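Take a look at the letters that make up each chain.
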Amino acid sequence: MGRTIILPDDDEPGHSSGQGDRAAGPAGSFSGFGSRDGVSPSLFAVAVRHAEHPDRLEVIHHPAPEAGVDDEPGSSAAQELEELLARFRAERQRRRSVRAARVLVALFAVTLLAVWLLDPPLPWGEENRSPTSFPHVSPSGILSGADSQQTDAALRDRLALRQYVTEAIGEASRDRLGTSLNPAVVLGENRTPFLSEDFTLPCRYPFDAAATRAGLAKLTQIASGTGKSVMVAIAPDKSAIMSDILGPRADALLACADQVRSTTEQTWPVTGGLATGPVVTSWDQLQAAQDAAPGSVFQKGDSHWTSQGALVWSKTVIDALIARGEAPGSLSGAPDAVQVQDEQADNDLYRLMGISKKAMVPVYQVTRKDVTIRARTVKSPSGRGIAVFRAWSTDAPMIDGRTLVVNDSFISRAEGLLAPYFTDLEVMHWSDFLTAVQDDDLPEFDRIIIETVQRGWPQRAGWLQEGQPMYESLAAELGTPREDETSSSDK
């Protein structure tokens, strides 16, 4: 099979030209096939010119001419044969190389396709950011290259192999190196992760406790004239409660955080275990719960507390309301909750490290007899929504009035624990609250509870100083007379 070239010897006699034949030179010269400088190419060259890519080469060799017969000018037949054989071998090698290259390219293409068909190692839930969306193609985006860049980023975010690689790197850094490759996470003893903002944010913002105390004192005075109130409830950082796990670096890492904490406790002291001032702290209560059951208050792979930690904080809030005369004394010790189930932990710190890890945490639930609760979500500018709870009872003690809770992510496990004790409770995220302050559209309330995580307290404390936009908005609403219970309930 294939193309075969049979090459006669140079001494093969020519044929006489007939009618219609091309004029030929001397026998064997083939001058009509592109001679140059008066020297005609040999039969070998002519044959190769007519079949550039032979599959097989056969040579018919005739005996050398007798002595005395003049040779054709140019190279000898043996030399040209050697050249032809060399060219034949090179061509055959080239063809093999081309075939091998095609096979390699095909295998590489199949491998790339297989990468996209891989399944992720385990369901990860949400990563530490949302995947890049595919672009809405537009002429300007095509011309600028923005659409192609966004498409490339979207495809990479959906590449399953990326999760395998990230998982392997994250686990290797944690288990082998004992560190985190993500600067947002600091590893303590037993490979327990902490959010680095616990240590950096308190250093970044100046904390003027005197100015904040003056601002809150004036807001409290304004509210007392209208029957309203303001409270700041601090949610301790994980690092503050589990500082012993930070190891020998604890003092250096917590230098700024401890300064803010000690100043806060000195400025707004707790009397008889109860906070009667505008700032409510729960460091001691959460620390006692952690010491009694290590690992039960905060999640190991997450920066947030467990449902049990949220329960301890909620108790400090209700106890403070009782101490200030805003809640019935019979609610002492509330919320009264029981453990109903376990659920998978959020593990936001593990996700920041690129690690997927299953961990279950207990969930607590409040059930009050003769209390009916209705809940709904109202749209908000940030898209997070405002949680609205309405509760009523004919017999159980309740905390009356319109209560607005301004919160960060720590409230998610606490709002369900607080809602059964308030007749009217609205929970609004900080981002929506700041938008409302900017737009001069603060919701009406009789009581405002500002929940802030410890690391965010230095920055948010500055917003409560006299002359700040938040202070002015709160002063305006706290100075508005409180509606009577009948009109508020009807509304």
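Located above this text is the structure these notes cover.
Treat the numbers as computed from the prediction; the structure is a model and nothing was measured. (Residues numbered from 1 in each chain as written. Predicted model: local features only at pLDDT ≥ 70, side-chain atom pairs only at ≥ 80, totals over all residues. Heavy atoms only, no water.)

## Brief notes about the packing of aromatic side chains
Next up, step 1: On inspection of all chains with the given rule, the structure shows six aromatic pairs.
Next up, step 2: Seen in terms of ring centroids, Trp268 and Trp457 are 6.0 Å apart; in terms of plane orientation they differ by 65°. Their pairing is edge-to-face. With a gap of 189 residues between them, Trp268 in the loop between α10 (255-267) and β6 (279-280) and Trp457 in helix α16 (residues 457-463) connect regions that are remote in the sequence.
Next up, step 3: Between Trp430 and Phe433, the aromatic rings sit 6.0 Å apart at their centres with planes inclined by 85°, giving edge-to-face as the arrangement. Of this pair, Trp430 and Phe433 both sit in helix α15 (residues 430-438), three residues apart, roughly one helical turn.
Next up, step 4: Of the residues examined, Trp430 reaches a relative accessible area of 4% and is grouped as buried.
Next up, step 5: What makes Phe433 buried here is its relative accessible area of 0%.
Next up, step 6: These aromatic residues form a ring-pair network of at least three members: Phe207, Trp268 and Trp457.
Next up, step 7: Its guanidinium or amino end placed over the ring of Phe445, Lys228 lies 5.9 Å from that ring's centre, counting from NZ or CZ.
Next up, step 8: Lying over the aromatic face of Phe194, Lys238 brings its terminal NZ or CZ to 5.2 Å of the ring centre. (Phe/Tyr/Trp six-rings, centres within 6.5 Å; stacked < 30°, edge-to-face > 60°. Helix = DSSP H or I, 4+ residues; strand = E, 2+ residues; numbered from the N terminus. Buried < 20%, exposed > 50% of the residue type's maximum accessible area, 1.4 Å probe, protein only. Lys NZ or Arg CZ within 6 Å of the ring centre and 35° of its normal.)

## Comments concerning a nonpolar patch on the surface
Next up, step 1: Among the surface-exposed residues, Val103, Leu104 and Leu107 lie close enough to one another that they form a single nonpolar patch of about 300 Å² accessible area.
Next up, step 2: Tracing the backbone shows Leu107 in helix α2 (residues 77-117).
Next up, step 3: What makes Leu107 exposed here is its relative accessible area of 52%. (Patch = residues over 30% accessible without salt bridge, like charges linked within 9 Å, V, L, I, M, F, W, Y side chains within 5 Å. Areas by Shrake-Rupley, 256 points an atom, 1.4 Å probe, with all protein chains shown as cover. Salt bridge = Lys/Arg side-chain N within 4 Å of Asp/Glu carboxyl O.)

## Quick notes on the nonpolar core
Next up, step 1: In terms of nonpolar packing, the biggest core is built from 85 residues, with Trp313, Phe433, Ile448, Trp457 and Leu474 touching the most fellow members.
Next up, step 2: Excluding anything up to four places from it in sequence, Trp457 contacts Phe207, Thr212, Val232, Ile234, Val260, Thr264, Trp268, Val279, Thr452 and Leu464.
Next up, step 3: Within the second largest apolar cluster, seven residues are counted, among which are Val185, Leu187, Leu349 and Tyr350. (Core = buried A, V, L, I, M, F, W, Y, C linked by side-chain atoms within 4.5 Å. Contact = heavy atoms within 4.5 Å.)

## Things to note about the sheet that holds strand β9 (residues 372-378)
Next up, step 1: The sheet built from seven strands is open, its strands ordered β6-β5-β13-β11-β12-β10-β9 with mixed pairing. Two strands in the sheet have a free side with no partner beyond their single neighbour: β6 and β9.
Next up, step 2: Taken together, the seven bridges between strand β11 (residues 399-407) and strand β12 (residues 422-429) define a ladder with parallel strand orientation. From the neighbouring strand, Ile399 faces β12, where its bridge partner is Phe422. (Pairing = 2+ DSSP bridges.)

## Topic: the side chain of Asp237
Next up, step 1: Its place among the elements puts Asp237 in the loop between β5 (229-235) and α8 (238-241).
Next up, step 2: Residue classification places Asp237 among the buried positions, given a relative accessible area of 1%.
Next up, step 3: Residues within four places of Asp237 in sequence aside, it is in contact with Asp198, Phe298, Val453, Gln454 and Arg455.

## As for the environment of Ser393
Next up, step 1: Within the secondary structure, Ser393 sits in the loop between β10 (386-392) and β11.
Next up, step 2: Owing to a relative accessible area of 24%, Ser393 belongs among the partly exposed residues under this scheme.
Next up, step 3: For Ser393 and Thr372, which are 21 residues apart along the polypeptide, the C-alpha to C-alpha distance reads 6.5 Å.
Next up, step 4: With sequence-adjacent residues up to four places away left out, Ser393 is seen in contact with Asp370, Val371 and Met398.
Next up, step 5: Side-chain polar atoms of Ser393 contact the backbone oxygen of Asp370, separated by 2.5 Å. (Polar contact = N/O pair within 3.5 Å; in protein donor to acceptor, adjacent residues only side chain to side chain.)

## A look at the state of the cysteines
Next up, step 1: Following the criterion strictly, the structure yields one disulfide and no others.
Next up, step 2: Covalently, Cys203 is tied to Cys256 through a disulfide, its sulfur atoms 1.9 Å apart. Handedness of the Cys203-Cys256 disulfide follows from its S-S torsion of about 105°: it is right-handed. Of this pair, Cys203 sits in helix α6 (residues 197-204) while Cys256 sits in helix α10; the two residues are 53 residues apart in sequence, bridging distant segments of the chain.
Next up, step 3: The exposure class of Cys203 is partly exposed, given its relative accessible area of 44%.
Next up, step 4: In this structure Cys256 comes out as partly exposed when scored by relative accessible area, which is 24%. (Disulfide = S-S within 2.5 Å.)

## A closer look at the pairing of strand β13 (residues 447-453)
Next up, step 1: With seven of seven residues buried, β13 is to be regarded as a mostly interior element.
Next up, step 2: The alternating pattern of β13 places Arg447, Ile449, Glu451 and Val453 on one face and Ile448, Ile450 and Thr452 on the opposite face, and all of these are buried.
Next up, step 3: Relative to β13, β5 is paired through seven bridges, and the arrangement is parallel. Each residue of the ladder has a partner; that of Ser229, found in β13, is Arg447.
Next up, step 4: Pairing of β11 with β13 involves four bridges; the strand directions are parallel. From the neighbouring strand, Leu404 faces β13, where its bridge partner is Ile448.

## Some details on the packing of α6 against α10
Next up, step 1: Running from N to C, α6 and α10 point in directions that differ by 65°, and their axes come no closer than 7 Å. The crossing of α6 and α10 is left-handed. Within the contact between the two elements, α6 uses Asp198, Phe199, Pro202 and Cys203 and α10 uses Cys256, Ala257 and Val260.
Next up, step 2: Here the contact of α6 with α10 is built from residues that sort into six nonpolar, no polar and one charged. (Axes fitted to C-alpha atoms, helices over the stretch in contact; angles between N-to-C directions. Left-handed = near helix turned anticlockwise from the far one by under 90°. Nonpolar A, V, L, I, M, F, W, Y, C, P; charged D, E, K, R; others polar.)

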